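# Fold and geometry: a report
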Amino acid sequence: MTQFFNNIEPNVIDDEILQKAIEEKCPEDLGDIARKESINVNVVTEIQISFKNILQIANLWPLENLTKLQLDNNVIEKIEGLESLVHLVWLDLSFNNIEVIEGLDTLVKLQDLSLYSNRISTIEHMDTLQELQIFSIGNNNLTVLENVIYLRRLKSLQTLNLSGNPFCSEEHYRLFVVAHLPSLVYLDFKLVRKSTAKAAALKYQHLTKPLEEEEAQVLALQQVEDAKQKELEQQQAAFVEYLNGPFLFDSLHEEEGEATKLVSLPGVEELLQAYPEEFVSVCESLYNYGLEEYEKREAEVSKFYKRLHEILAVNQEESKRIISDFETRNETRLDELYQDGSGEIADSKRAQGKEEIQQLWHALMLLETLVSNDLEELLQDFKRRLDVIASTFTENIQGIYPFHIKMRCRDLENQHFEKVMEIVQAILKKIALFELEEDFPEDLRTLFEDKITVVNITSVSHSIRLRKIDKRESDMLSNTYQWQKSVREKAFQRESDRNRACIEKIICFMDTLQKELDSTVVKPKE
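Just so it is clear, the model here is predicted, and its values are computed rather than measured.

## Some details on the overall build of the protein chain
Looking only at helices and strands, the protein chain has 12 helices and 10 strands in total. Counted over contacts in the protein chain with a minimum sequence separation of 6, partners at least 24 positions apart contribute 58%. As displayed, the protein chain offers around 29,700 Å² of accessible surface, 51% of which is attributable to carbon and sulfur atoms. Of the side-chain charges in the protein chain, 60 are positive and 95 negative, and the distance between the mean point of each set is 4 Å.

Right, dumping it as C-alpha cells:
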C-alpha cells in the first residue's frame, strides 16, 4: 500500500476531508445539520477516512461521540490525536506505517482494534483496554513470541490475529499462544478447539502456573486497593473523608516544632490519653451523619432523573404517534401526486401537503412546549429540594448538637489548651521559686528559660490547631455548596440542551418533508 502512495502528497486530516467524511456517513437529514454546524457535531458516531494518503491523525476532537473510526490504508506513522474519542468502540488502523502502539490510553471502551499490516515490533501500552475483545496485529514485525504474554492482562480478549509475523514460523507457536491466552476463542481466523487448548495447557503448564500464581497475588492486592479507593470515593462524595478515625486529630499535631517537647511535661501525657478519644468520637459521629445524608442526596437525585425520564418517555410516545399518523397520510398523498401528474388536482394536493406539514410543525412544537413546561416545573421543585437538603446539612454541621464539629472539637481543644497552660504556669512558678525538680528534662529546661517564649509556643500551637479545625469545617461547607451548584446546573443545562436539540430536529424534519413534497417526480405518461 505504501508503494501505491509513493507519488502522492501526504495529507493531514483537515476540515475539508473531515466534512466530506461526515456527509458521506450521515443520513441525509443529519447531513443537513452537519453542514449547518460545520464539523462540530455530536450526531456523528461513525466515520471512514480510508485511501486518503493521511500521514497524521488530527482534528478529530469535535467528534466526541464517535464510536467507530476507520483510518485504514493510509500512511499514518504515529497513533495520536485520539485522546478525546473516549466513546470509541471500533478502531481500524490497518495498512499504515505505524511502528509503536501508543496513544490509546483514554479509549477504555474499545472492543475491536485492528493494527494489521503495520511496522510494529512490540505489543505494549494497552493496559487500559480492558474491554478489548478483538485484536488484529497480523503482518507486523513481531519477532519475540514471549511478547504475547503481555496480552494476558486483557481479560476480555477472545479473538486474536497474529498471522504474518516472524514468530509465527516458530515451532509450537499456536500451542504457546493458546496456553498463555486461555480465554481465546479464535486465533488467526481459526477456532481454538478444546483439544488444542488442553494440549497447550499441558505442554506449557510449567510456564503458566507461576504466572497464574503471580497474577492471583496481584489481583488480591488490587482488589484490596480498589475496595479502599471505592470507600474513599464514597467518603469524599459524602464530604467526610478521613473523619472515621484519628486522622483529623493526628493532623492537628503535625509539624508542631518546639511545641512537641511539651508532650513530655509531667501531666500532659495523661491529658493526651483522654483528649484524642473524645475528639475521635466527635469525628466519627459526624462521619456517620455525613454518610446518612449522602444516601439521602443520592436518593433525591435518582428520584428526580427517574421522573424526568418518565416524562420524556410519555412525550416520545406521543411524538411517535403524531408522526406516524402524518406519515401514513403523507405516503398516500405522495403516491397520488406521482400518479396524477400536473394540473389543478396535483396543485391542490401539494397545497394540502404543505398545510399538513405546517399542522405537524405546530403539533410537535406544542408538544415540545408542554413537555418543556413540565420539566421546568420538575426542575424548580428539584432545586427547592436540593436547597433544603444542603441547608439542613450545613446547619447541622455549623451548630446543631451533636454534629457541630467546630464547637465540640474547638471546646475539646480549648479545654486541652487550658490544662496544658496550667501545667506550664505551674512549672514557670516552680522555676521562679527555684523549686523545679532536679530530674526535669534538660531540653525542657532550655525551653523554659524564657517565660514569654514558652507561653508563645504553647499559644501559637493552639491557634494553629484551631485553624485546622475551622478549615475542615469550611471544606465540608464549601464541598456541600459545590455539590448543590453542580447538580443543579447539570440538570438545568441538560434540559436546555435537550430542548435546543429537539427544536433543531423538528426544523430539520420539516425541511426534509417540504423538500420531499416539492421534488415529487411526476410519473411519465405512457
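Here the narrative resumes.
## Things to note about the nonpolar core
Counting residues in each nonpolar core, the largest one holds 57 residues, and the members touching the most others are Met-126, Phe-135 and Leu-162. When residues of this core are traced back to their parent elements, those giving at least two are helix H2 (15-25) and helix H4 (173-180). The greatest single-element share of this core, amounting to five residues, is contributed by H4. Contact partners of Met-126, with chain neighbours within four places excluded, come to Ile-101, Leu-113, Leu-132, Phe-135, Tyr-150, Leu-151 and Leu-154.

## Considerations on the packing of H4 against helix H5 (residues 194-203)
One way to put it is that H4 packs onto H5 with a least axis distance of 8 Å and a crossing angle of 85°. Relative to H5, the element H4 lies roughly perpendicular. Only Thr-196, Ala-197, Ala-199, Ala-200, Ala-201 and Lys-203 of H5 make contact with H4, whose side of the interface consists of Leu-175, Val-178 and Ala-179. When the residues that make up the contact of H4 with H5 are grouped by side-chain class, the tally is seven nonpolar, one polar and one charged.

## Details of the packing of aromatic side chains
Aromatic ring pairs are described here by two measures, namely the spacing of the ring centres and the angle between the planes. The tally for this structure, following the rule as stated, stands at 12 aromatic pairs. For the ring pair Phe-304 and Tyr-305, a centre distance of 4.8 Å and an interplane angle of 70° mean the geometry is edge-to-face. Overall, the relative accessible area of 3% leaves Phe-304 in the buried class. By relative accessible area, Tyr-305 is classed as buried at 14%. The structure contains a cluster of three or more aromatic residues connected by ring pairs, namely Phe-239, Tyr-289 and Phe-393. It is Arg-297 that lies over the ring of Trp-483; its NZ or CZ is 5.3 Å from the centre.

## Thoughts on the sheet that holds strand E9 (residues 186-187)
Ordered in space as E2-E4-E5-E6-E7-E8-E9-E10, the eight strands form an open sheet in which the pairing is mixed. Each edge of the open sheet is held by one strand with a lone partner, namely strand E2 (46-48) and strand E10 (190-191). Bridge count between strand E7 (residues 134-136) and strand E8 (residues 159-161): three bridges; the pairing is parallel. For Ile-134, the partnering residue across the bridge sits in E8 and is Thr-159.

## Re a negative patch on the surface
On the surface, Glu-327, Glu-331, Asp-335 and Glu-516 cluster together into a patch of negative charge. The topology assignment puts Glu-331 in helix H8 (residues 268-340). The exposure class assigned to Glu-331 is exposed, which follows from its relative accessible area of 60%.

## A word on the confidence of the model for the protein chain
Of the residues in the protein chain, 91% reach a pLDDT of 70 or more, and the chain-wide mean stands at 88. Segment residues 1-5 is flagged for pLDDT under 50; beyond a separation of four residues in sequence, or across chains, it makes 10 contacts in the model. When the criterion is pLDDT under 50, residues 33-40 qualifies, and its contacts beyond four places in sequence or with other chains add up to 19 contacts.

## What about the packing of H4 against helix H6 (residues 205-237)?
Packing of H4 against H6 brings their axes to within 10 Å, and their N-to-C directions diverge by 25°. By the criterion of interaxial angle, the relationship of H4 to H6 is roughly parallel. Both H4 and H6 take part in a crossing whose hand is right-handed. Where H4 abuts H6, its residues Phe-176, Ala-179 and His-180 lie against Leu-207, Thr-208 and Leu-211. Taken together, the residues of the contact of H4 with H6 sort by class into four nonpolar, two polar and no charged.

## Quick notes on a nonpolar patch on the surface
Where nonpolar side chains cluster on the molecular surface, the patch consists of Val-185, Tyr-186 and Leu-191 and spans about 250 Å² of accessible area. Looking at the secondary structure, you find Leu-191 in strand E10.

## Examining unusual backbone geometry
Even without glycine at this site, Phe-95 takes up a positive phi of about 55°. In this structure, Phe-95 sits in the loop between strand E5 (90-92) and strand E6 (112-114). One non-glycine residue, Phe-239, lies in positive phi territory at about 65°.

## Some points on the pattern of salt bridges
Pairs can form between side chains of opposite charge whenever their charged atoms are close. Within the structure shown, the criterion is met by 21 salt bridges. Between Lys-383 and Asp-387 there is a salt bridge, with its nearest N and O atoms 3.5 Å apart. Here Lys-383 pairs with Asp-387, and both are found in helix H9 (residues 344-399), just four residues apart, close to one helical turn. Its relative accessible area of 30% is what places Lys-383 among the partly exposed residues. A residue is classified by how much of its surface remains accessible, and Asp-387, at 26% relative accessible area, is partly exposed.

## Side note on the environment of Thr-159
In this fold, Thr-159 is placed in strand E8. In this structure Thr-159 comes out as partly exposed when scored by relative accessible area, which is 26%. A C-alpha to C-alpha distance of 9.7 Å links Thr-159 and Val-192, two positions 33 residues apart in sequence.

## Topic: the state of the cysteines
Enumeration according to the criterion identifies zero disulfides in this entry. Looking at Cys-283, it has no disulfide partner, and the nearest cysteine sulfur is the one in Cys-409, 4.6 Å off. Cys-502 takes part in no disulfide bond, and the closest cysteine sulfur, belonging to Cys-508, lies 12 Å away. The class for Cys-502 is partly exposed, based on a relative accessible area of 22%.

Criteria and cut-off values
Residues numbered from 1 in each chain as written. Predicted model: local features only at pLDDT ≥ 70, side-chain atom pairs only at ≥ 80, totals over all residues. Heavy atoms only, no water. Helix = DSSP H or I, 4+ residues; strand = E, 2+ residues; numbered from the N terminus. Contact = heavy atoms within 4.5 Å. Areas by Shrake-Rupley, 256 points an atom, 1.4 Å probe, with all protein chains shown as cover. Lys, Arg positive; Asp, Glu negative; His and termini not counted. Charge placed at Lys NZ, Arg CZ, Asp CG, Glu CD. Core = buried A, V, L, I, M, F, W, Y, C linked by side-chain atoms within 4.5 Å. Buried < 20%, exposed > 50% of the residue type's maximum accessible area, 1.4 Å probe, protein only. Axes fitted to C-alpha atoms, helices over the stretch in contact; angles between N-to-C directions. Parallel < 35°, antiparallel > 145°, perpendicular 65-115°, else oblique. Nonpolar A, V, L, I, M, F, W, Y, C, P; charged D, E, K, R; others polar. Phe/Tyr/Trp six-rings, centres within 6.5 Å; stacked < 30°, edge-to-face > 60°. Lys NZ or Arg CZ within 6 Å of the ring centre and 35° of its normal. Pairing = 2+ DSSP bridges. Patch = residues over 30% accessible without salt bridge, like charges linked within 9 Å, V, L, I, M, F, W, Y side chains within 5 Å. Salt bridge = Lys/Arg side-chain N within 4 Å of Asp/Glu carboxyl O. pLDDT = per-residue confidence, 0-100. Left-handed = near helix turned anticlockwise from the far one by under 90°. Disulfide = S-S within 2.5 Å.

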